[in-house]
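What the coordinates show
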Amino acid sequence: MPSLGLPSCRLSLTPGQMQEALTPGHLKKAKLMFFFTRYPSSTLLKTYFLDVQFSRCITSQLIKWFSNFREFYYIQVEKFARQALLEGVVDACTLQVSRDSELFRALNMHYNKGNDFEVPGRFLEVTSLTLQEFFSAVRAGKDADPSWKKPIYKIISKLDSDIPEGFKAAGCSQELLHS
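Rules of the game
- Residues numbered from 1 in each chain as written.
- Predicted model: local features only at pLDDT ≥ 70, side-chain atom pairs only at ≥ 80, totals over all residues.
- Heavy atoms only, no water.
- Helix = DSSP H or I, 4+ residues; strand = E, 2+ residues; numbered from the N terminus.
- Buried < 20%, exposed > 50% of the residue type's maximum accessible area, 1.4 Å probe, protein only.
- Areas by Shrake-Rupley, 256 points an atom, 1.4 Å probe, with all protein chains shown as cover.
- Core = buried A, V, L, I, M, F, W, Y, C linked by side-chain atoms within 4.5 Å.
- Arc of directions from axis to C-beta.
- Contact = heavy atoms within 4.5 Å.
- Phe/Tyr/Trp six-rings, centres within 6.5 Å; stacked < 30°, edge-to-face > 60°.
- Lys NZ or Arg CZ within 6 Å of the ring centre and 35° of its normal.
- Salt bridge = Lys/Arg side-chain N within 4 Å of Asp/Glu carboxyl O.
- Axes fitted to C-alpha atoms, helices over the stretch in contact; angles between N-to-C directions.
- Parallel < 35°, antiparallel > 145°, perpendicular 65-115°, else oblique.
- Left-handed = near helix turned anticlockwise from the far one by under 90°.

1. Some thoughts on the overall build of the protein chain
The number of helices and strands found in the protein chain is 7 helices and 0 strands. When the helices and strands of the protein chain are read in sequence order from the N terminus, they spell out α-α-α-α-α-α-α. For the protein chain, with 179 residues in total, the buried portion stands at 40%. In the structure as shown, the protein chain presents an accessible area of about 10,000 Å², 54% of it carried by carbon and sulfur atoms.

2. Re the nonpolar core
If you look at the biggest cluster of nonpolar residues, it comprises 45 residues, and the most contacted ones within it are M33, F35, F49, L62, Y73 and F167. Counting residues per element, the ones that place at least two in this core are α1 (24-33), α2 (42-48), α3 (56-86), α4 (102-111), α5 (121-139) and α6 (150-157). When residues in this core are grouped by element, the largest group, 10 residues, is from α3.

3. Quick notes on α4
Along α4, the positions that sit buried rather than exposed are L103, F104, L107, N108 and Y111. Burial along α4 is one-sided: seen end-on, the buried residues are contained in an arc of 125°. Where α4 is buried, its residues meet α1, α3 and α5.

4. With respect to the packing of aromatic side chains
Counted under the stated rule, the structure contains 18 aromatic pairs. Taken together, a centroid distance of 6.4 Å and an interplanar angle of 75° make the contact between F36 and F117 edge-to-face. Linking F36 in the loop between α1 and α2 with F117 in the loop between α4 and α5, this pair joins segments that are 81 residues apart in sequence. The same class applies to F36 and to F117, which are both buried. With 5.2 Å between their ring centres and 65° between their planes, Y73 and Y74 make a pair best called edge-to-face. We note that Y73, like Y74, is buried. The cationic tip of R38 hangs over the ring face of F34; the distance from NZ or CZ to the ring centre is 5.9 Å. It is K168 that lies over the ring of Y48; its NZ or CZ is 5.4 Å from the centre.

5. Structural notes on the pattern of salt bridges
Enumeration over the complete set of coordinates arrives at 8 salt bridges. Here D160 ties to R38 by a salt bridge, and the two come within 3.8 Å at their closest N and O atoms. Within this pair, whereas D160 is found in the loop between α6 and α7 (173-177), its partner R38 is found in the loop between α1 and α2, the two being separated by 122 residues in sequence. By relative accessible area, D160 is classed as partly exposed at 24%. A residue is classified by how much of its surface remains accessible, and R38, at 0% relative accessible area, is buried. Among the salt bridges present, the one from E125 reaches R122, with a minimum N-O distance of 3.0 Å. With a gap of 3 residues between them, E125 and R122 both fall in helix α5, about one helical turn apart. A relative accessible area of 48% places E125 in the partly exposed class.

6. Some thoughts on the packing of α4 against α5
Where α4 contacts α5, the axes come no closer than 11 Å and their chain directions differ by 120°. Here α5 runs oblique to α4, going by the angle between their axes. Like other packed secondary-structure pairs, α4 and α5 cross with a definite hand, here right-handed. Note on element contacts: α5 touches α4 through F123, L124, T127 and L131, opposite L103, F104 and L107.

Here it is in structure tokens:
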């Protein structure tokens, strides 16, 4: 696997060093992880938040964060898909999300506010596909069905990528941001 420029950090925590609550640093880390995984399992989250003393409440909060991240993501993508229809786009394949696009800027500003983390190219590919799926569904009138988004969610849920190992180290959040 090629290096992503992430530092390798080792951190051993004693029970007294474990966090019993999530911090703003954990939220920032979760937002950056969203670039790799939109649908993390609780087991996956536990392997990336090693400094957190997990309880039902902590697990629920992390899952809720990712649910909120997805909600924002899908709202933005749907908005841009509908805009493309209004602008006369007819072929979904012409809709590509690049680092210069308005959709990318909106998402990057939300998940990577300081723009101090390089968003992986795979996120642009997944977002392009999500945009194309929303565009095609709306263009076909599928949005008349109350559950029209579920097939899109199912497709996107299968496109999560591996999160770099550097995210596992609790003490590396600052290094991650500056890599």
